Amino acid sequence: MRKGRLLVSVVLLLGAGYLAAQAYSSAIFERELSRTLEDLEARGDLQVQRDGLERGWFVSRGEIQLTALLDDWQLSLPYVARHGLLTTRIEGDLQLQLDGGDDTLFGERLPASPPRWHGEYETLSQTFEGRLDMAPFQVSDEQGEFDFEGLALRLSGEHGDLTLTGSVAPWRLSVDGERLEVGPLQLDSRYRYGDDDFLQRDELQLAYLRLTQANGPEVALQALGYRGEVRLGSDELTLAGRLSLGEMTLAEQPALSGELALGVSRLNADAVRTLSRELREALAARDSQAPLTDREAEALAMALEPQVLATLVDSPRLTLEPLRVESPMFGVEALVEGELVFDGEEIEALSLADLEVAAADNPWLARLDGHFVWRDLPRFVALQLGLPLDTQDLEIRIEAGELTLNGEPLPPLW
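Conventions we followed
- Residues numbered from 1 in each chain as written.
- Predicted model: local features only at pLDDT ≥ 70, side-chain atom pairs only at ≥ 80, totals over all residues.
- Heavy atoms only, no water.
- Pairing = 2+ DSSP bridges.
- Helix = DSSP H or I, 4+ residues; strand = E, 2+ residues; numbered from the N terminus.
- Buried < 20%, exposed > 50% of the residue type's maximum accessible area, 1.4 Å probe, protein only.
- Patch = residues over 30% accessible without salt bridge, like charges linked within 9 Å, V, L, I, M, F, W, Y side chains within 5 Å.
- Areas by Shrake-Rupley, 256 points an atom, 1.4 Å probe, with all protein chains shown as cover.
- Salt bridge = Lys/Arg side-chain N within 4 Å of Asp/Glu carboxyl O.
- Expected span 1.5 Å × (residues − 1).
- Contact = heavy atoms within 4.5 Å.
- Polar contact = N/O pair within 3.5 Å; in protein donor to acceptor, adjacent residues only side chain to side chain.

Trainee: Any chance you could explain the pairing of strand 14 (residues 185-193) here in plain terms?
Mentor: Strand residues, when the strand is regular, have side chains that alternate between the two faces of the sheet. Both strand 11 (residues 161-168) and strand 14 contribute to a ladder of 8 bridges, which runs antiparallel. What sits directly across from D161, in strand 14, is R192. Across 9 bridges, strand 14 lies against strand 15 (residues 198-212) in antiparallel orientation. Opposite D188, over in strand 15, you have E203 as the bridge partner.

The structure is reproduced here in structure tokens:
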């Protein structure tokens, strides 16, 4: 009798523990999903909505809708989440609506099934790993043909630290005897964010881009790359980007290669946060979900003028480090580096409306100071600028908006 009661007690205890674990797993998943959606909405450019929500200990369902506030598209993500003791498995598809219409991109505008996505959320470690796949498809009519070979993306990480990697397979577009071939594209992005800081790193690598023209030479770009970083710290917002081109050919002849690296620093961090918050609140207060018209955007910019100007109070700096260009076809080798600084002192004296003032009286241009150097100046460039043909370096100076080349003043460029 005692053994029977003990067995029943053990079974009841295990059952209660199992149900408690299930309840905990579903609650943790719901909490983390809600936090992620709140982070997305906090960006300020998206409206986040959840429809058809059904919460359960074993299965949860719903649909997430992301609507662009500054553009004209809406992304729908219906999902089903199956909760286990240690893992929640989630799956669904993706649908995109463009231009404010009711018709969807996949299945209506394009003869392709919606991309499928699936993932796993680990309850104990609170980490996520998911994958989005899109099948190949082909569209053709009397005007041309579009052939897409598919894509695969992978998202992994935890709240506050996410990594996005993947590849877009080659695609081809043929219209009226011309043909554009692109791909494959590899991407690798990292997002880290907290209460007061943010870091985003992106790397894109495109293998080739080829344009075959009916009445012109073939243009081909090889090994295009981009690396970028956005960092919001305690004091400043910094941006850095690097573009690279392995080779450009015209009619299979080498024409151009090079890279461009730019950096922007000393944007006031507190002002950037304030501007982001004010922008988010202004967009949320709108009655319409439609994208801003040009007039509305202009009115919003003027309303936020004090916050915009405040981001410039620390005298932002643009750094060129460097611009490299090599062109065997045109006999050019260029190496340009330097910096441009905007004077942010007494920034409140400026107005965004002054950006449209004529160059000679523009108070924004009068706050620019910079110094750039073009090493090993080609002779034909020196000739065009009226400089001696043996000029080695071209020194470009900007003082209060006035430009000089090797110490010689020029008429205003703006």
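From this point, the narrative continues.
Trainee: What is the right way to look at the environment of L283 in this model?
Mentor: Take L283: it is sitting in helix 2 (residues 269-284). By relative accessible area, L283 is classed as buried at 3%. In the structure, L283 is positioned 238 residues away from D45 in sequence and 8.0 Å away in space, judged by C-alpha atoms.

Trainee: Could you clarify how one ought to interpret a nonpolar patch on the surface in this entry?
Mentor: Residues W57, F58 and V59 make up a contiguous nonpolar surface patch of roughly 280 Å² in combined accessible area. Mapped onto the elements, V59 comes out in strand 2 (residues 59-68). Its relative accessible area of 32% is what places V59 among the partly exposed residues.

Trainee: Would you mind going over helix 2 with me for this structure?
Mentor: Within an α-helix, residues lying three or four positions from one another point in the same direction, as the helix has 3.6 residues per turn. For helix 2, spanning 16 residues, the distance from its first C-alpha to its last is 23 Å, which sits close to the expected 22 Å at 1.5 Å a residue. Taken as a whole, helix 2 has its buried residues at A269, A271, V272, R273 and L283. Lining the buried residues of helix 2 we find strand 16 (219-232), strand 17 (236-250), strand 18 (253-268), helix 3 (294-303) and helix 4 (305-310). Two or three places before D270, at the opening of helix 2, N268 has a side-chain oxygen 3.3 Å from that residue's backbone nitrogen.

Trainee: Can you help me understand the pattern of salt bridges in this one?
Mentor: Side-chain pairs of opposite charge can arise where the charged atoms are in close proximity. Counting across every chain of the model gives 24 salt bridges. The shortest N-O distance in the salt bridge between R131 and D133 comes to 2.9 Å. Assessed through its relative accessible area of 37%, R131 is described here as partly exposed. A salt bridge links R273 to D270, with the shortest nitrogen-to-oxygen separation between them at 3.2 Å. Of the two residues, R273 and D270 are both situated in helix 2; the distance of 3 residues between them amounts to about one turn of the helix. Classification of R273 by relative accessible area gives buried; the value is 19%. Sharing partners across several salt bridges, the network here consists of E30, R50 and R55.

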